[in-house]
Amino acid sequence: MASVSLARTIFDESHDDFRETVRSFVERHVVPHLDEWAEAGRVDRGLFREAAELGLLGISAPERFGGGGVDDFRYNAILIEELARVGATAVGMSITGFNDLIAPYLVALGTDEQNERWLAPMIAGDTVGAIALTEPGTGSDLAAITTTARPEGDHFVLTGAKTFISTGMLADVVIVAARTDPDAGRGGISLLCVETDLPGFSRSGPLKKVGLKAQDTAELFFDEVRVPRSALLGVEGGGWASCATTSRRSA
Ligand SMILES: Cc1cc2nc3c(=O)[nH]c(=O)nc-3n(C[C@H](O)[C@H](O)[C@H](O)COP(=O)(O)OP(=O)(O)OC[C@H]3O[C@@H](n4cnc5c(N)ncnc54)[C@H](O)[C@@H]3O)c2cc1C
């Protein structure tokens, strides 16, 4: 009977080198802290800086913002595999969540000015990002969100709540989906980059979960937060369509 090889052929030498780098990062900076982070319900902020030093954040983001500029998901997959190998999936979601969910929104929709302000410091590991779509009353059905961002001159006034937000407790900037036009259905949803030191923002957590203990999952509250219009990500009213296309691209 002919033997069947189970060796994977999708990786080349540069992927193998990258895997070595990731494996040593995980052994040195992740494994020793697994119990402590599970107990705390979140990773340490320093993890992002250590990952950044090795170029593990923003792998596919443009080099001009400090990213790797490599459009090859095999690198992202290696990162996921090496974290899963030591049972650090929850920890990994902080890093892979940034690479595969948050950064793609900024790269696809952000202006150069916005990306200098928000994407570059995240890639450098100096700040932490999150994305907030889910609400206490809606998850899968994004078109049913009730958080509002009322246009008022040069600002949007943001009011509502979000839940189950990954890296929500650590986040310095949150991409928030909110209704800028209450009468336009899914065409009335926009995305705003909300800095978490703005007055009216608060959060609670990390939420206790049955698994993914080290993953910081939070509730966010917005009480008349005045967000400058310059924080609009993409076009006003284009949030629902952006989520549909960007999430599909990064999935
Ligand atoms: C660990 C964790 C981290 C998360 N991180 C984030 C985050 O960073 N940002 C964020 O915005 N959200 C986050 N979420 C929330 C997540 O996106 C939602 O849980 C998800 O969208 C599902 O929403 P829901 O929980 O309200 O379930 P529901 O939408 O109520 O769905 C419940 C069940 O019904 C099914 N269902 C729903 N609608 C239909 C339909 N039309 N037809 C058939 N079946 C249907 C679903 O598949 C699911 O099985 C996180 C959740 C978890 C558990």
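Residues numbered from 1 in each chain as written. Predicted model: local features only at pLDDT ≥ 70, side-chain atom pairs only at ≥ 80, totals over all residues. Heavy atoms only, no water.

Draft legend 1. Broad picture of the domain arrangement of the protein. We note that the domain assignment places domain 1 (13–123) and domain 2 (129–250) within the protein. Here the C-alpha centroids of domain 1 and domain 2 sit 22 Å apart. Between domain 1 and domain 2, the residue contacts involve 26 residues of the former and 30 residues of the latter. When domain 1 packs against domain 2, the two sides together hide about 2,500 Å² of surface, and 66% of this comes from carbon and sulfur. (Domains from an automatic or database assignment. Contact = heavy atoms within 4.5 Å. Buried area = accessible area lost by both parts, 1.4 Å probe.)

Draft legend 2. Local environment of the site of the ligand. Contacts to the ligand come from I131, A132, L133, T134, G139, S140, F164, I165, S166, L212 and Q215. Contact distances for the ligand include 2.8 Å between an oxygen atom and a backbone N or O atom of L133. T134 places a side-chain nitrogen or oxygen 2.8 Å from a nitrogen atom of the ligand. For the ligand, whose unbound accessible area comes to 970 Å², protein coverage reaches 39%. At the level of secondary structure, the elements contributing two or more residues to the shell around the ligand comprise β1 (129–132) and β3 (155–166). Its residues assigned to classes, the shell around the ligand comprises six nonpolar, five polar and no charged. (Near = heavy atom within 4 Å. Polar contact = N/O pair within 3.5 Å; in protein donor to acceptor, adjacent residues only side chain to side chain. Areas by Shrake-Rupley, 256 points an atom, 1.4 Å probe, with all protein chains shown as cover. Helix = DSSP H or I, 4+ residues; strand = E, 2+ residues; numbered from the N terminus. Nonpolar A, V, L, I, M, F, W, Y, C, P; charged D, E, K, R; others polar.)

Draft legend 3. Spotlight on the pattern of salt bridges. Applying the stated rule across the entire model yields 16 salt bridges. For D72, the salt bridge goes to R74, with nearest N and O atoms at 3.0 Å. R74 sits in the partly exposed class, given a relative accessible area of 32%. The residue R117 makes a salt bridge to E195 at a minimum N-O spacing of 2.8 Å. (Salt bridge = Lys/Arg side-chain N within 4 Å of Asp/Glu carboxyl O. Buried < 20%, exposed > 50% of the residue type's maximum accessible area, 1.4 Å probe, protein only.)

Draft legend 4. Just the environment of D181, in detail. Tracing the backbone through its elements, the reader meets D181 in the loop between β4 (173–179) and β5 (189–195). For the pair D181 and G55, spaced 126 residues apart in sequence, the C-alpha to C-alpha distance is 40 Å. There is a polar contact of 2.9 Å between the side chain of D181 and the backbone nitrogen of D183.

Draft legend 5. Quick peek at the side chain of T180. Mapped onto the elements of the fold, T180 is located in the loop between β4 and β5. Polar side-chain contacts of T180 include one of 2.6 Å to the side chain of S190. Those residues within four positions of T180 in sequence are excluded, and the remaining contacts are A149, P151, F156, G188, I189, S190, E236 and G237.

Draft legend 6. Region of interest: the pairing of strand β2 (residues 148–152). Pairing between β2 and β3: five bridges, direction antiparallel. Its bridge partner being in β3, P151 is matched across the sheet by F156. In this antiparallel pair of consecutive strands, β2 and β3, the connection spans two residues, and G153 shows a positive phi of 60 degrees. (Pairing = 2+ DSSP bridges.)

Draft legend 7. Spatial organisation of the nonpolar core. Ranked by internal contacts, the top residues of the largest apolar core, which has 73 residues, are V30, V91, L158, I175 and V194. Each of two domains, domain 1 (13–123) and domain 2 (129–250), supplies a minimum of three residues to this core. Once you skip the residues sitting within four places of it in the chain, V30 turns out to touch F25, W37, L47, L83, A88 and V91. (Core = buried A, V, L, I, M, F, W, Y, C linked by side-chain atoms within 4.5 Å.)

Draft legend 8. A look at the packing of helix α5 (residues 89–109) against helix α6 (residues 112–123). Contact geometry for α5 and α6: axes closest at 10 Å, N-to-C directions at 160 degrees. Relative to α6, α5 is oriented roughly antiparallel. Here α5 and α6 pass one another in a crossing that is left-handed. Residues F98, I102, A103, L106, V107 and L109 of α5 lie in contact with α6, whose contacting residues are Q114, N115, L119, M122 and I123. When the residues that make up the contact of α5 with α6 are grouped by side-chain class, the tally is nine nonpolar, two polar and no charged. (Axes fitted to C-alpha atoms, helices over the stretch in contact; angles between N-to-C directions. Parallel < 35°, antiparallel > 145°, perpendicular 65-115°, else oblique. Left-handed = near helix turned anticlockwise from the far one by under 90°.)

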